[in-house]
Structure formats: C-alpha cells, structure tokens
Amino acid sequence: MVYMRLLLLAAWTASMAPALDLCVRNEAGLDNGTLLLTMHHIRQNPGKAGRLSFACSASAVRVTFAAHQEGPHPPDALGATRSAGGKILPDIIVFTRSVLQMLGEAGVDGQARALAKVVAHELSHYFRQQRGHDEGLDKPFLDAQELIALR
Ligand SMILES: [Zn+2]
C-alpha cells in the first residue's frame, strides 16, 4: 500500500514538473563529440527549469550555436537571448567562435562546459525575464577560468 502511494506520488511529481525542451541547432558546425558533451553539461545546469530534455517541440527554447555574431551585440559577447516588446524570448544564441577563442587550449570537455555555461547564463535571462545580471553564472562577464570550471 505504501509502495503504491509512493509510486503515485512520484508519477504526480513528475507530471507537475515536465522537462523543458531545448531545440538545439548546430549552425556553427560543432563536431558531434563536442556537441554531445555540451548537451550533457547543459543538462547539469537546468536552472529554474529543474529538468531539461532535447526536443524541438512547440514549447521548446531554441538554442542556436552560431559561429559568428549577427546583429547588434557587443564584440565580446559570448551569447545572447532575443527579446521583443520588452519580453525575453525562448531563443538563445551562443557565439561559439568567441567562446572557443577566449578559452585557448581548454580541451573538448572544457569547451563543452564553457558552451553549456553560456547556455545556462542565457537561459537564466529567459527564466528571470530580466536583461540585468546577478551573481554566479548570472554575472555580466565570465572569464575563461569560470567558464571551464567544474561548477
Ligand atoms: Zn547576460
């Protein structure tokens, strides 16, 4: 009986907190190994979503890895989140060339952690619906050491 109840509770909790889908587009041409490792690290930093999955559903947040910047971003920007009419949209861009250049010799895992942290930073702008910055991963600037750090 207790077992049944626990199962029901688990099912209920899972349905209350559906995973947030991320729709990843690899326009930068990251190789498969780097991309899969980056997705692995993205999952470790779900932020307010609690749980992340990768699917291009109607409610997914779009995550585009673009080699080059497009649009009016500061030259040292590592990523951006689109906004319109005062709302921050579920549409994130990571400028992979800027991130990878900044890291130097970081190795594939370091690169993947850094790319994932930029995604986490931009996702947080979307969750908070704020352009402003805060502490930790929400700082306005992250240096190479912080980007490749384990946490
Ligand atoms: Zn920011």
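Just above, that's the structure.
Since the model is a prediction, treat every value here as computed from it, not as a measurement.

Q: Where do I start with the packing of helix 3 (residues 96–103) against helix 4 (residues 107–128) in this structure?
A: Helix-helix packing is characterised by the crossing angle of the two axes and by the distance between the axes. For the pair helix 3 and helix 4, interaxial distance at closest approach is 10 Å and the crossing angle is 130 degrees. The angle between helix 3 and helix 4 falls in the class oblique. Between helix 3 and helix 4 lies a crossing whose hand is right-handed. Taken together, the residues of helix 4 that come into contact with helix 3 (itself represented by T96, V99, L100 and L103) are G110, Q111, A114, L115 and V118.

Q: Sorry, what's going on with the nonpolar core here?
A: Soluble, globular proteins show a tendency: their nonpolar side chains are buried together. Membership of the largest hydrophobic core comes to 30 residues, with the highest contact counts inside it found for V94, L115 and V119. Looking at this core, the elements that each hand over two or more residues are strand 1 (20–26), helix 2 (32–44), strand 3 (61–66), strand 5 (87–95), helix 4 and helix 5 (144–148). Here this core takes nine residues from helix 4, the largest share from any one element. Not counting chain neighbours up to four residues away, the residues in contact with L115 comprise T38, V94, T96 and V99.

Q: What should I look at first to understand the pairing of strand 4 (residues 79–84) in this one?
A: Each regular strand displays side chains that alternate between the two surfaces of the sheet. For strand 4 and strand 5, the ladder comprises five bridges, and the chain directions are antiparallel. Bridge assignment links S83 to a residue of strand 5, and that residue is I88. Between strand 4 and strand 5, which follow one another and run antiparallel, lie two residues, and G85 among them has a positive phi close to 55 degrees.

Criteria and thresholds
Residues numbered from 1 in each chain as written. Predicted model: local features only at pLDDT ≥ 70, side-chain atom pairs only at ≥ 80, totals over all residues. Axes fitted to C-alpha atoms, helices over the stretch in contact; angles between N-to-C directions. Helix = DSSP H or I, 4+ residues; strand = E, 2+ residues; numbered from the N terminus. Parallel < 35°, antiparallel > 145°, perpendicular 65-115°, else oblique. Left-handed = near helix turned anticlockwise from the far one by under 90°. Contact = placed C-beta atoms within 7 Å. Core = buried A, V, L, I, M, F, W, Y, C linked by C-beta atoms within 7 Å. Buried ≥ 20, exposed ≤ 12 C-beta atoms within 10 Å, placed from the backbone. Pairing = 2+ DSSP bridges.

Note that all results are geometric; they support no functional claim without further evidence.
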